[in-house]
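Spelled out, the chains give:
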Amino acid sequence: MKRRRGGLVRSLFATAAVFAALVVAGCLLVDSISSASGTAEAELVRSAVRSAALTCYAVEGAYPSDLQYLVENYGLRYNPERFIVSYDAFASNVVPDIRVLERGNGA
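Only a predicted model underlies this, so the values are computations on that prediction, with no experimental measurement involved.

*Asks:* Now, about the pairing of strand β1 (residues 83–88): what can you tell me, with residues and values included?
*Replies:* Side chains Phe 83, Val 85 and Tyr 87 project from β1 onto a buried face, and the interleaved Ile 84, Ser 86 and Asp 88 project onto a face without burial. Across 6 bridges, β1 lies against strand β2 (residues 97–102) in antiparallel orientation. Looking across to β2, one finds that Asp 88 is bridged to Asp 97.

Written out as structure tokens, the structure is:
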């Protein structure tokens with residue numbers, strides 16, 4: 001009878017260990033998917049800023065000196081509470097350096 005009880009305890013322990021491993025793997029998978037989604041959204045914001053800047057250059061013959069000009073005159077919209085957009089315009093005839101960081105991810 002002791003052997004059976006010992007086997008039952010080992011079996012329950014093994015089941016609990018497998019369940020815990022599955023829970024940890026599931027949490028890691030969800031975190032990975034969230035991270036990939038945030039990166040994709042940041043790239044979409046970067047693309048929108050670049051597109052607005054290129055449109056401004058095509059229409060006016062110069063890149064805007066700041067991001068606010070694109071927001072006010074070219075309909076650029078993004079969530080400033082979620083993203084930090086760095087728009088560095090060197091000269092009016094040089095494509096600006098555009099960087100987008102997601103807040104809360106090391107920013």
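*Asks:* An account of the nonpolar core is requested, with residue identities and associated values reported.
*Replies:* As a rule of thumb, soluble globular proteins bury nonpolar side chains together. Counting 15 residues, the largest nonpolar core has Val 45, Val 49, Leu 67, Leu 70, Val 85, Tyr 87 and Val 100 as its most contacted members. Contributing elements (two or more residues each) for this core: α1 (2–60), α2 (67–73), β1 and β2. If one sorts the elements of this core by residue count, α1 sits on top with 6 residues. Setting aside residues up to four positions removed in sequence, Leu 67 forms contacts with Val 49, Leu 76, Tyr 78, Val 85 and Tyr 87.

*Asks:* Can you tell me about the pattern of salt bridges, naming the residues and giving the values?
*Replies:* Counted by the stated rule, this structure contains 4 salt bridges. In this structure, the salt-bridge partner of Arg 82 is Glu 41, at a minimum N-O distance of 2.6 Å. Of this pair, Arg 82 sits in the loop between α2 and β1 while Glu 41 sits in helix α1, and the two are 41 residues apart along the sequence. Arg 46 is paired through a salt bridge with Glu 43; the nearest N and O atoms lie 3.8 Å apart. Of this pair, Arg 46 and Glu 43 are both found in helix α1, 3 residues apart, which corresponds to roughly one turn of the helix. Under the relative-accessibility criterion, Arg 46 is labelled partly exposed at 30%. Beyond isolated ion pairs, a larger network of salt bridges with shared partners links Glu 41, Arg 82 and Glu 102.

Cut-offs applied
Residues numbered from 1 in each chain as written. Predicted model: local features only at pLDDT ≥ 70, side-chain atom pairs only at ≥ 80, totals over all residues. Heavy atoms only, no water. Buried < 20%, exposed > 50% of the residue type's maximum accessible area, 1.4 Å probe, protein only. Helix = DSSP H or I, 4+ residues; strand = E, 2+ residues; numbered from the N terminus. Pairing = 2+ DSSP bridges. Core = buried A, V, L, I, M, F, W, Y, C linked by side-chain atoms within 4.5 Å. Contact = heavy atoms within 4.5 Å. Salt bridge = Lys/Arg side-chain N within 4 Å of Asp/Glu carboxyl O.

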